[in-house]
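# Chain and residue survey
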Amino acid sequence: MQTVDHGQAGRPEAGDELLVTFAGVPDPAAILAAWSGSATPVTVHFEGIGDDVITVLDASTGATLAELGSIQANRDYTSGSADFTGSQMTLAGTTITIVLGTPSGPIGRDPSAKALVWTTPHGSATESGHPDSDF
């Protein structure tokens, strides 16, 4: 997993990207019912005081996409909780790309260089490459 920053480094903002890469091609309908992999709206939720946890929610129901699990940010981006509504999720090959939408709630900047940790029902993985400032 990686992030792509399109704004201020170390601060999640609209347009920033979260890339989640699987070992094989995932079944999109196992992640979100009736999803084909084409662009679909989701909400990205940041929760925590200290080390934030990032989850992806179904935009229509608010349910957590359990197969995507959660991401331990190892950073403090919010002082409680914040959502990025209108985010877009797509699947291409083995990679799900989530483009952050409109933020609501307090979002701060934490440029510290630490690795993200992705935990799913099937195991966990640490961000590849050197720890860097995400978002």
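See the structure shown above.
The numbers attached to residues start from 1 for each chain and follow its sequence in the written order. For this predicted model, a pLDDT threshold of at least 70 governs which residues receive local features, and a threshold of 80 or more governs which side-chain atom pairs are given and counted, while totals over whole chains, interfaces and linings are taken from all residues. As a convention, hydrogens and water are excluded, and side-chain values are obtained from all of the structure's heavy atoms.

## Observations concerning empty space enclosed by the protein
Here a cavity denotes grid points, spaced 1 Å and computed from the protein atoms alone, that fit a 1.4 Å probe unable to get out, and a pocket denotes an open set having protein on both sides within 12 Å along at least 5 of 7 lines; residues with an atom within 4 Å of a point are the lining. Grid points are joined across faces, edges and corners, and a volume is the space filled by probe spheres set on the points. One pass over the structure, following the stated rule, counts 1 cavity of 30 Å³ or more. Contributing to the lining of the largest cavity are Leu18, Val20, Ile54, Thr55, Val56, Leu68, Gly69, Ser70, Ile71, Ile98 and Trp118. Each helix is a run of H or I in the DSSP string that is no shorter than four residues. Each strand is a run of E no shorter than two, and both are numbered from the N terminus. For the lining of the largest cavity, the secondary-structure elements that each account for two or more residues are strand S2 (17-21), strand S4 (53-58) and strand S5 (70-72). With 3 residues, the single largest contributor to the lining of the largest cavity is S4.

## What about unusual backbone geometry?
Of note, Ala34 is a non-glycine position whose phi angle comes to about 65 degrees, a positive value. For Ala34, the position within the fold is in the loop between helix H1 (28-31) and strand S3 (40-48). Note on classification: 1.4 Å probe, protein chains only; a residue is buried when its accessible area is under 20% of the maximum for its type, exposed when over 50%, partly exposed between these limits. Residue classification places Ala34 among the exposed positions, given a relative accessible area of 78%. In the Ramachandran plot, Asn74 falls in the positive-phi region, its phi being about 60 degrees despite a non-glycine side chain. Turning to its location among the elements, Asn74 is positioned in the loop between S5 and strand S6 (80-92).

## As for the environment of Gly10
Among the secondary structure elements, Gly10 is positioned in the loop between strand S1 (2-4) and S2. On the accessibility criterion, Gly10 (0% relative accessible area) is buried. Measuring from C-alpha to C-alpha, the distance between Gly10 and Thr95 comes to 23 Å, with 85 residues separating the pair along the chain.

## Let's talk about the nonpolar core
Take the buried residues of types Ala, Val, Leu, Ile, Met, Phe, Trp, Tyr and Cys, join any two whose side-chain atoms come within 4.5 Å, and each joined set is a nonpolar core. By size, the foremost hydrophobic cluster in this structure holds 28 residues, and its most contacted members are Ile31, Leu65, Leu68, Met89, Ile96 and Ile98. Only S2, S3, S4, S6 and strand S7 (95-99) provide two or more residues apiece to this core. For this core, the leading source of residues is S6, giving 4 residues. Contacts are residue-level and defined by heavy atoms, with any inter-residue pair within 4.5 Å sufficient. Contact partners of Ile31, with chain neighbours within four places excluded, come to Phe22, Pro26, Leu65, Glu67, Leu68, Met89 and Ile96.

## Some thoughts on the environment of Ser70
By secondary structure assignment, the location of Ser70 is in strand S5. In this structure, the C-alpha to C-alpha distance between Ser70 and Pro103, residues 33 residues apart in sequence, is 19 Å. If we skip the residues at most four places from it in the chain, Ser70 touches Val53, Ile54, Thr55, Val117, Trp118 and Thr119.

## So, the pairing of S6
When DSSP locates at least two bridges between a pair of strands, those strands are taken to pair. Bridge count for S3 against S6 is 8 bridges, and the pairing is antiparallel. Bridging from a neighbouring strand, Gly48 pairs with Gly80 of S6. Note: S6 against strand S8 (residues 102-104), 3 bridges, orientation antiparallel. Residue pairing across strands places Phe84 opposite Pro103, the latter belonging to S8. Direction of pairing for S6 relative to S7: antiparallel, over a ladder of 5 bridges. Counted as the bridge partner of Thr90 is Thr97 from S7. Counting the residues in the hairpin turn of S6 and S7 gives 2 residues, including Gly93, whose phi is positive at 65 degrees.

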